[in-house]
Amino acid sequence: MKGFKSALTSDKFKYTLGLFLFVLGLYLLIAFVSFLFYGHADHSKLDISWRKLIADANIRVENKAGKTGAFLSEMIINKGFGISSFLLIFMIIITSFQLFGRPLVKYARSILFSLVAMFWGSLALGWLLISINHEGFVYLGGENGYYLAVWFGSLIGRAGTFFLLIFSLFIIVLLGFENFIPWLKSIFGKKNRSSEIEQDSEVLEAIDEPIVEDDSISKVINEDDLIETIFDPDQDAEVELDSEQVQQSIDGQQVVEKVENTEEKELEMTVEKHEDETADEITPDTLEDYDPTLDLSNYQFPPIDLLEDHVSGNAEVSNDELLANKNKIVETLRHYKIEITKIRATIGPTITLYEIVPAPGVRIAKIKNLEDDIALSLAALGIRIIAPIPGRGTIGIEVPNQKPEVVSMRSIIASKKFQESTAELPVVIGKTISNETFLIDLVKMPHILVAGATGQGKSVGLNAIITSLLYKKHPSQLKLVLIDPKKVEMSLYSTIEKHFLAKLPDDEEPIITDIQKVKYTLNSLNMEMDIRYDLLKKALARNIKEYNKKFISRRLNPEKGHRYLPYIVVIIDEFADLIMTAGKEIELPIARIAQLARAVGIHMIIATQRPSTNIITGVIKANFPTRVAFKVASMIDSRTILDTPGANQLIGKGDMLIASGSNITRLQCAFVDTPEVENICEHISGQQGYPTAFMLPEYAGEDEGGALDADLNNRDELFDDAAKVVVMNQMGSTSMIQRKFSIGYNRAGRIMDQLEAAGVVGPSEGSKTRQVLIQDEYSLEQLLNSL
């Protein structure tokens, strides 16, 4: 039954049925139209039985759809609902497009409306033909309409049937068309007050004329004159004023006329007050909503065909494998006198979850301690016991499949869950044990810490996250800051610089690789965060979603500094290298972004292959609530990432655990290969982009100024030792000085500037090491003695 149900809901069945209905609708259309022209010739031939009509090849019909079309037309039109049966074709066609996933109209409403209209039309035409005694080969209302009209005629008479048809038509149109009531009001409602306004304007003109004759003399209008002016016997309409309104009008005209410059001053005061009230918010009534995607209106999202379907052959778990594992688990537990009452399996892409219900009185800890024994009996790696499974009341034993299945990025991007997601930043990483696509909203995370040993799928996981965002977001809605100290992992994305990347104004490379540039970029992101908070404060918005909603509806004035704010996602591939070389200068701005930047749309994803406590500090862990762990070497590393063991028992190759709050979910990470990423980037870069990358605020570092500001009379106490190290290694590197002497990056940078001023090393060449100008220690000694 499950297979039959899945077959009915599969795309193959939907498209096959949709094509059949589409062809059927066209066939019936040809048959019905032919019936109207040739039905009189075929009418006598259709009186015989259907079997004889089909069997006798000598019987010919004029209908262009053949004998079948002629027969169906006779049965549906004449013996059914008459001409209204054409609505049946309409219902069949829209059903076919609904199955294709391309709905033409609101399906349920159209079907209901068509059915009601078909019945009403049949009855109406049946009543009409009875009234005029029409005779012909085509029953315009069909036998259904004829018999209904006869029955209603005997019940309420022909006149009553007519009124019933009119009343039911009114109800149908009332419920089917939203503009019907406004149309009725425009016909039967009260006349527009435009004529009254015209009369009022004539009154005001009549009142104003005697007042402007002299600037220094005021005129008084008595009550009789005012009433006589308001009532014009030559016009059909009257403007009625009660006695209080008349008295107010009279009193208002008994005031001495204002001087012209006084009116101008009042007008200026009103305009200034209005500008103050709308300093940050404007409320246009006629302007359309602002669309940030119009800058790149022709942008095409990457098609699904750019991704490959990585099929791993026959990767299904056989019944023999399930039965063998179940028996081994039960046998192993019985060796230790542990009885179970129930066991069932859930098959995933790479592992199978066996859920067991122990007998009453069995301690959970006793089963938990048998992890290694169960792994030995199953001859499998990566056995993991979940005791108990939250919310189920069972104990889970995760066993790797003998033939693991590759989860392709194409399969989860094409999934209904991702395609219909309304999340702000939807990210699909992989599939769960139950083969469901696992989707998260990065906005709600709001930052992710990724860790895992080398070669276990960490970089592929980052590519899966980036691919998810590129498939869902427009370049105007998302910007990426890619930091890659290894210099090779994210170089593929440099081609989409003018679409999705953000960087400092003076950076030449779109991917940030230099340690000092990383520091500047993170501090620049802090500045961007502060700027955004100021904008939110002025706009009285609590988060970026509310702010952008106000800006899109044109309630914020761009002349006051307001702008559309795209989401910024910062991705750091090797966090450990940054901490080792820059320490607190990297950790502190990251911690500040993680603490505060969520509300203004800045999110961070940092990855490391060294999940030790000196890399993933308490500050980092406290501000990264969502953590992803691939396979790690030890239980200590697993506890560092997830605060619990488990990551050390994964099987690798994309097998991962994701922890969000207190929930830990095991996933198989989606696989996206390098050629696929290249195809996606090539598709995006081949389209029109922005003139430049998204520019972050310019940041001036504390040690900026270089060798020109270096004071050789106040040299650092490590200057001589640093010079010897540089000459001995023939490598001028700030990070090398920092590591050799265990000092901060700022101090090492100042020493390097002093070495440049002294002529030991050459000027900075970006991410390259400086050229060493002194070739031996003897020449260095002479130089140091001369300083």
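All values derive from a computational prediction rather than experimental measurement.

Parameters and conventions
- Residues numbered from 1 in each chain as written.
- Predicted model: local features only at pLDDT ≥ 70, side-chain atom pairs only at ≥ 80, totals over all residues.
- Heavy atoms only, no water.
- Helix = DSSP H or I, 4+ residues; strand = E, 2+ residues; numbered from the N terminus.
- Buried < 20%, exposed > 50% of the residue type's maximum accessible area, 1.4 Å probe, protein only.
- Contact = heavy atoms within 4.5 Å.
- Areas by Shrake-Rupley, 256 points an atom, 1.4 Å probe, with all protein chains shown as cover.
- Phe/Tyr/Trp six-rings, centres within 6.5 Å; stacked < 30°, edge-to-face > 60°.
- Lys NZ or Arg CZ within 6 Å of the ring centre and 35° of its normal.
- Polar contact = N/O pair within 3.5 Å; in protein donor to acceptor, adjacent residues only side chain to side chain.
- Pairing = 2+ DSSP bridges.
- Axes fitted to C-alpha atoms, helices over the stretch in contact; angles between N-to-C directions.
- Salt bridge = Lys/Arg side-chain N within 4 Å of Asp/Glu carboxyl O.
- pLDDT = per-residue confidence, 0-100.

Description of the overall build of the chain
The secondary structure content of the chain amounts to 30 helices and 15 strands. Across the 787 residues that make up the chain, the buried fraction comes to 43%. Restricting to contacts in the chain with at least 6 residues of sequence separation, those with at least 24 account for 67%. Of the roughly 43200 Å² that the chain leaves accessible, carbon and sulfur atoms contribute 54%.

A closer look at the packing of aromatic side chains
Scanning all chains against the criterion turns up eleven aromatic pairs. Taken together, a centroid distance of 4.9 Å and an interplanar angle of 70° make the contact between Trp151 and Phe152 edge-to-face. The lysine or arginine in question, Lys472, covers the ring of Phe418, its NZ or CZ lying 5.1 Å from the ring centre.

So, the side chain of Thr608
For Thr608, the location among the structural elements is in strand 11 (residues 602-608). The buried category is assigned to Thr608, whose relative accessible area is 0%. Among the polar contacts listed, one links the side chain of Thr608 to the backbone nitrogen of Arg610, at a separation of 3.1 Å. Those residues in contact with Thr608 that sit more than four places away from it in its chain are Val450, Ala451, Gly452, Lys458, Asp573, Glu574, Phe575, Ala576, Ile615 and Ile616.

A closer look at the sheet that holds strand 1 (residues 340-347)
With antiparallel pairing, four strands are arranged side by side in an open sheet as 1-2-4-3. A single partner strand is all that each edge strand has here, and the edge strands are strand 1 and strand 3 (384-389). Going across the sheet, the axis of each strand differs from the next one's by a mean of 20°, ignoring polarity. Relative to strand 2 (residues 351-358), strand 1 runs antiparallel, the two sharing seven bridges. Each bridged residue has a counterpart across the sheet, and for Arg344 the counterpart in strand 2 is Glu355. Here helix 13 (residues 319-335) sits on the sheet and contacts strand 1, strand 2 and strand 4 (394-400); the angle it forms with strand 2, its principal contact strand, is near 40°.

Points about the pattern of salt bridges
Oppositely charged side chains may form a pair once their charged atoms are brought near each other. Under the defined criterion, the tally for this structure stands at 24 salt bridges. Among the salt bridges present, the one from Arg592 reaches Asp530, with a minimum N-O distance of 3.0 Å. With Arg592 in helix 23 (residues 584-596) and Asp530 in helix 20 (residues 515-539), this pair connects stretches of sequence that are 62 residues apart. A relative accessible area of 31% means that Arg592 is categorised as partly exposed. Residue classification places Asp530 among the partly exposed residues on the basis of a relative accessible area of 32%. Glu717 serves as the salt-bridge partner of Arg747, at 3.4 Å between the closest nitrogen and oxygen. Within this pair, whereas Arg747 is found in helix 29 (residues 745-758), its partner Glu717 is found in the loop between strand 15 (694-695) and helix 27 (719-729), the two being separated by 30 residues in sequence.

What to know about the confidence of the model for the chain
Put simply, the chain has an average pLDDT of 79, and 80% of its residues get 70 or more. Below pLDDT 50 for its whole length, residues 191-279 participates in 41 contacts with residues either more than four positions away or in separate chains. Scored below 50 in pLDDT, residues 703-708 makes 13 contacts in the model with residues more than four places away or belonging to other chains.

Here's the deal with the environment of Met445
Along the chain, Met445 falls in the loop between strand 6 (437-441) and strand 7 (448-451). Residue Met445 is classed as buried on the basis of its relative accessible area, which comes to 15%. Sequence-wise, Met445 and His603 are 158 residues apart; in three dimensions their C-alpha atoms are separated by 8.8 Å. The contacts of Met445, once residues within four sequence positions are left out, are Ile440, Pro625, Thr626 and Ser660.

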